[in-house]
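# Structural features, examined
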Amino acid sequence: MAEVSLTPAGDVLTITNGARQTRFHAIWLRDNATDPDTRAVSNGQRLITLRDVPANTHISAAVPCGDDIDLTFAPENKTIRFDVAWLERHAYDNAQRAQRGALPEGVTTWDNTLQHDVPVEEYSALTQRGAALRDWLGEITRLGFAKLSGGPRREGALFDVVDLFGYVRETNYGRLFEVRTEVNPTNLAYTGLGLQAHTDNPYRDPVPTVQVLYCLESSAAGGENMVVDGFAAALRLREENPAYFDVLADHAARFEFAGEKGVCLKARKPMIELDPDGTLRAVRFNNRSMAAPTDIPFEKMALFYEAYRRLGEIIDDPQMEVTFRLEPGEAFIVDNTRVLHARKGYSGTGTRWLQGCYADMDGLRSTYEAMIHAAAAEGAA
């Protein structure tokens with residue numbers, strides 16, 4: 001059983017559980033209480049505002065009850081039960097500031113050593129919406145991409161893939177876009193040329209966070225797909241030259257696209273985006289859509305270009321890439337805020353036809369987390 005103690009003013013609770021000692025402010029505890037008067041039982045949404053909690057809230061009594069603690073809050077004179085394990089999972093005491101460029105929780109970086117261990121699942125297994133789908137979505141969350149095989153060979157099948165975890169995000173390209181050779185295309189993705197690894201649509205704010213590419217025909221030579229872990233590239237840049245990392249993280253680049261009538265898209269975001277605590281949030285890299293950078297101080301512009309060049313060299317390094325060829329009925333899904341994708345050049349003979357669309361990681365993560373929670377609940381039953 002955990003031991004508890006209060007400061008004389010009752011504004012701080014200390015929980016001692018073995019060698020671990022954790023402190024909580026009374027106002028934090030009252031605001032984050034999970035009793036039915038504070039949070040809706042059905043969805044966990046808060047039922048009160050902070051204004052409803054007295055500013056002078058303090059704890060007048062703390063009583064351990066097995067794996068729980070009963071806390072009485074004054075001046076409300078309200079007693080609420082807290083699960084000690086929940087408190088320990090949500091502890092903020094002694095929180096260490098993340099190292100600049102730290103990885104988000106649950107993320108694993110990779111390079112070409114993943115070549116023979118690419119996450120892939122059969123379409124038929126995914127459509128059962130069971131453990132196979134849960135684990136596949138988990139791999140996308142952890143690695144930033146995954147493949148599927150054995151899918152239907154029909155137009156629009158990629159929508160069925162998105163339906164497994166979220167919703168299609170429509171853009172000026174439509175609900176889907178075709179990727180095959182065209183004459184005088186407005187976008188280089190539609191030519192037979194190879195493409196440098198890049199993230200899609202950095203000129204949008206917010207950027208689509210998931211891209212799906214689905215193969216329908218593949219008789220042309222070449223055209224292999226390639227993916228690069230942008231987080232791994234950013235961390236390699238930081239290790240080689242912290243000043244390069246900092247200049248790309250501290251200053252916004254500009255991205256633009258105006259290749260269609262009535263379309264003029266612009267965004268101002270850093271190539272390496274960090275959360276306020278320094279955790280990696282996103283990587284944007286797309287040489288084709290890079291506009292003239294004007295937000296970097298004169299004294300740092302030369303350094304910016306050195307860092308931009310070096311990041312591109314790291315991304316182009318074969319040691320960073322995983323390559324695979326999509327056959328009809330196969331697809332791959334990428335986290336467009338992290339994983340760069342590319343295509344090697346292919347010949348003009350035969351056909352190479354893919355369809356693509358965008359979705360968002362919040363839907364994918366929501367589906368994955370809901371499946372995790374459902375599995376945990378079944379295991380506890």
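Everything discussed here concerns the structure shown above.
Overview of the structure.

## With respect to the pairing of strand 2 (residues 12-17)
- In this sheet, strand 2 lies alongside strand 1 (residues 3-6) in antiparallel orientation, the contact comprising four bridges. When the sheet's bridge partners are listed, Glu3 is paired in strand 2 with Thr16.
- Taking the residues between adjacent antiparallel strands as the criterion, strand 1 and strand 2 are bridged by five residues, where Gly10 takes a positive phi near 75°.
- Across six bridges, the pairing between strand 2 and strand 3 (residues 20-25) is antiparallel. Residue pairing in the sheet places Ile15 in a bridge with Thr22 of strand 3.
- Counting the residues that bridge the hairpin from strand 2 to strand 3 gives two residues, and of these Gly18 lies at a positive phi of roughly 70°.

## Re unusual backbone geometry
- With omega at 10°, the peptide bond leading from Ala74 into Pro75 counts as cis.
- Mapped onto the elements of the fold, Pro75 is located in the loop between strand 5 (68-74) and strand 6 (78-83).
- Cis geometry is found at the peptide bond from Asp205 to Pro206, where omega equals 10°.
- For Asn77, which is not a glycine, the phi torsion comes out positive at approximately 55°.
- Here Asn77 is to be found in the loop between strand 5 and strand 6.

## Quick notes on the sheet that holds strand 2
- The strand order across the open sheet built from three strands is 1-2-3, with neighbouring strands paired in antiparallel fashion. Each of the sheet's edge strands pairs with one partner strand only, and the pair in question is strand 1 and strand 3. Recorded for the sheet is a direction-independent mean angle of 20° between the axes of neighbouring strands.

## Some thoughts on the layout of surface pockets
- Estimates place the volume of the largest pocket at around 730 Å³.
- Looking at the largest pocket, it is lined by 34 residues, and the ones nearest its centre are Arg281, Asp335, Thr337, Met361 and Arg365.
- Among the secondary structure elements, those contributing two or more residues to the lining of the largest pocket are helix 4 (131-143), strand 16 (280-283) and helix 9 (361-380).
- Tallying contributions element by element places helix 9 first for the lining of the largest pocket, with five residues.
- Partitioning the lining of the largest pocket into residue classes produces twelve nonpolar, eight polar and 14 charged.

## Topic: the nonpolar core
- Core analysis: the biggest nonpolar cluster contains 56 residues, and Phe145, Val227, Leu248, Met271 and Ile272 have the highest contact counts within it.
- Membership of the second largest hydrophobic core comes to 29 residues, among which are Val161, Val210, Tyr368 and Met371.

## Brief notes about the packing of aromatic side chains
- Applying the stated criterion across every chain yields a total of 15 aromatic pairs.
- Pairing Phe304 with Tyr305 gives two aromatic rings, centres 5.8 Å apart and planes at 80°, and the pair type is edge-to-face.
- Residue class for Phe304 comes out buried when judged on its relative accessible area of 1%.
- Classification of Tyr305 as partly exposed rests on a relative accessible area of 42%.
- Each residue in the set Tyr173, Phe177, Tyr203, Phe257 and Tyr358 is aromatic and connected to the rest through ring pairs, giving one cluster.

## Re helix 4
- Taking 1.5 Å per residue as the helical rise, helix 4 with its 13 residues ought to reach 18 Å, and the 18 Å between its terminal C-alpha atoms agrees with that figure.
- Taken together, the buried positions of helix 4 are Leu133, Trp136, Leu137, Gly138, Ile140 and Leu143.
- Two residues or fewer after helix 4 comes Gly144, characterised by a positive phi angle close to 95°.

## Topic: the pairing of strand 8 (residues 145-149)
- Most of strand 8 sits out of view: five of its five residues are buried.
- Side chains Phe145, Lys147 and Ser149 project from strand 8 onto one buried face, and the interleaved Ala146 and Leu148 project onto a second face that is buried too.
- Judged from the three bridges that link them, strand 7 (residues 120-122) and strand 8 form a sheet pairing that is parallel. Residue pairing across strands places Glu122 opposite Ser149, the latter belonging to strand 8.
- Judged from the four bridges that link them, strand 8 and strand 18 (residues 331-335) form a sheet pairing that is antiparallel.

## Here's the deal with the side chain of Ser289
- Its location among the elements puts Ser289 in the loop between strand 16 and helix 8 (298-316).
- Those residues in contact with Ser289 that sit more than four places away from it in its chain are Pro202, Tyr203, Arg254, Phe255 and Glu256.

## Looking at helix 7 (residues 242-250)
- Those residues of helix 7 not exposed but buried are Tyr244, Phe245, Val247, Leu248 and Ala249.
- Contacts from the buried residues of helix 7 go to helix 6 (230-240), strand 15 (272-274), strand 16 and helix 8.
- Two or three places before Ala243, at the start of helix 7, stands the capping residue Asn241, its side-chain oxygen 3.0 Å from that residue's backbone nitrogen.

## A look at the sheet that holds strand 4 (residues 58-65)
- Spatial ordering of the open sheet is given by 4-5-6, a layout of three strands whose pairing is antiparallel. For this open sheet the edge positions go to strand 4 and strand 6, each flanked by a neighbour on one side alone. Averaged over all adjacent pairs, the angle separating strand axes in this sheet is 25°, with direction ignored.
- The sheet contact formed by strand 5 and strand 6 spans six bridges and is antiparallel. By the bridge assignment for strand 6, Ile69 is matched with Phe82.

Criteria and thresholds
Residues numbered from 1 in each chain as written. Predicted model: local features only at pLDDT ≥ 70, side-chain atom pairs only at ≥ 80, totals over all residues. Heavy atoms only, no water. Pairing = 2+ DSSP bridges. Helix = DSSP H or I, 4+ residues; strand = E, 2+ residues; numbered from the N terminus. Axes fitted to C-alpha atoms, helices over the stretch in contact; angles between N-to-C directions. 1 Å grid on protein atoms, 1.4 Å probe; cavity = no way out; pocket = protein on both sides within 12 Å on 5 of 7 lines; lining within 4 Å. Points joined across faces, edges and corners; volume = space filled by probe spheres on them. Nonpolar A, V, L, I, M, F, W, Y, C, P; charged D, E, K, R; others polar. Core = buried A, V, L, I, M, F, W, Y, C linked by side-chain atoms within 4.5 Å. Buried < 20%, exposed > 50% of the residue type's maximum accessible area, 1.4 Å probe, protein only. Phe/Tyr/Trp six-rings, centres within 6.5 Å; stacked < 30°, edge-to-face > 60°. Expected span 1.5 Å × (residues − 1). Contact = heavy atoms within 4.5 Å. Polar contact = N/O pair within 3.5 Å; in protein donor to acceptor, adjacent residues only side chain to side chain.

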